[in-house]
Amino acid sequence: MKGIKICSNYIQTILFLLILISNFSLSIEASTCKPSGKIKNLKTGQCNRAEESECCKPGKLYTTFKCSPKVSHHTKAILTLNSFEKGGSGGSASKCDNKFHSDKTPVVALSTGWFNNSKRCLKFVNIFGNGKMVKAKVVDECDSTKGCDSDHDFQPPCLNNIVDASAAVWKGLGVPEKDWGQMNVFWSDA
Ligand SMILES: *[C@@H]1O[C@H](CO)[C@@H](O)[C@H](O)[C@H]1NC(C)=O
């Protein structure tokens, strides 16, 4: 009788440890992307942008990321608006082809992790939002690793879940122009 009790305790302990270990590996598997650091704008008055919200605020800490949430066939993202035209809000020519792109062309920049060391360059993604779908070409990176410096026009680093899209994408999704700016979407590799 005593032997059985010890034995069942032993089995319980083993089971408990197994559950603990499997939960641990599951949590590693599902672990979301962690920040890579923080940056701060030390100087004031260096942002020329009209919209104050796009400038790094003096003294404020901004989180940087080298990774993005895991990609699936239905990856959640925030759609933002950008102009990839010369003199547009994107600044310099697109990283993938060193070219500018008309607002009438559906193109996007992806957060650093999704940009994946240029592996998605000039590939297409499907963007699902507002009950519609638009196919757009990846032409640039929305840098999640750096910002708040002259190279980035003193704008904060990109969040790690951004699809930064041209006007054509917003139009294609049928979003009224007054609502362009920020919207929850899903995307997938096309
Ligand atoms: C980056 O590209 C590699 C090689 O194509 C791929 O195995 C990996 O899943 C990609 N990562 C992301 C986040 O897309």
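Residues numbered from 1 in each chain as written. Predicted model: local features only at pLDDT ≥ 70, side-chain atom pairs only at ≥ 80, totals over all residues. Heavy atoms only, no water.

The chain is annotated in an unreviewed UniProt entry as Ripening-related protein 1 of Cicer arietinum. Here the chain is described in UniProt, under the heading Subcellular location (unreviewed entry), as follows: "Secreted". Word for word, the UniProt comment on the chain under Sequence similarities (unreviewed entry) is "Belongs to the kiwellin family." (UniProt positions renumbered as here; feature names shortened; annotations may be inferred.)

Within the chain, the regular secondary structure consists of three helices and eight strands. Ordered by position from the N terminus, the helices and strands of the chain form the series α-β-β-β-β-α-β-β-β-α-β. Counting every position in the chain, which comprises 190 residues, the buried fraction comes to 35%. In the chain, the share of contacts with a sequence separation of at least 24, taken over all contacts with a separation of at least 6, comes to 72%. Taken as a whole, the chain presents about 11800 Å² of accessible surface, with 57% of it coming from carbon and sulfur. (Helix = DSSP H or I, 4+ residues; strand = E, 2+ residues; numbered from the N terminus. Buried < 20%, exposed > 50% of the residue type's maximum accessible area, 1.4 Å probe, protein only. Contact = heavy atoms within 4.5 Å. Areas by Shrake-Rupley, 256 points an atom, 1.4 Å probe, with all protein chains shown as cover.)

The backbone of Asn116 sits at a positive phi, close to 55 degrees, despite the residue not being glycine. One non-glycine residue with positive phi stands out, namely Asn130, at about 55 degrees. Along the chain, Asn130 turns up in the loop between β5 (124-129) and β6 (132-142).

Take Val139: it is sitting in strand β6. Along the chain, Val139 and Phe100 lie 39 residues apart, while their C-alpha atoms are 9.3 Å from each other. Leave out the neighbours within four places in its chain, and Val139 touches Phe84, Ser94, Lys95, Cys96, Asp97, His101, Val107, Val108 and Leu122.

In this section: the sheet that holds strand β8 (residues 182-189). Strand pairing in a sheet takes place through backbone hydrogen bonds and is either antiparallel or parallel in direction. The sheet built from six strands closes into a barrel, its strands ordered β3-β7-β4-β6-β5-β8 with mixed pairing. In this sheet, neighbouring strand axes are inclined to one another by 45 degrees on average, regardless of whether the strands run parallel or antiparallel. Summarising the sheet, strand β4 (residues 107-111) and β6 pair through five bridges and their orientation is parallel. Each residue of the ladder has a partner; that of Ala109, found in β6, is Asp140. (Pairing = 2+ DSSP bridges. Axes fitted to C-alpha atoms, helices over the stretch in contact; angles between N-to-C directions.)

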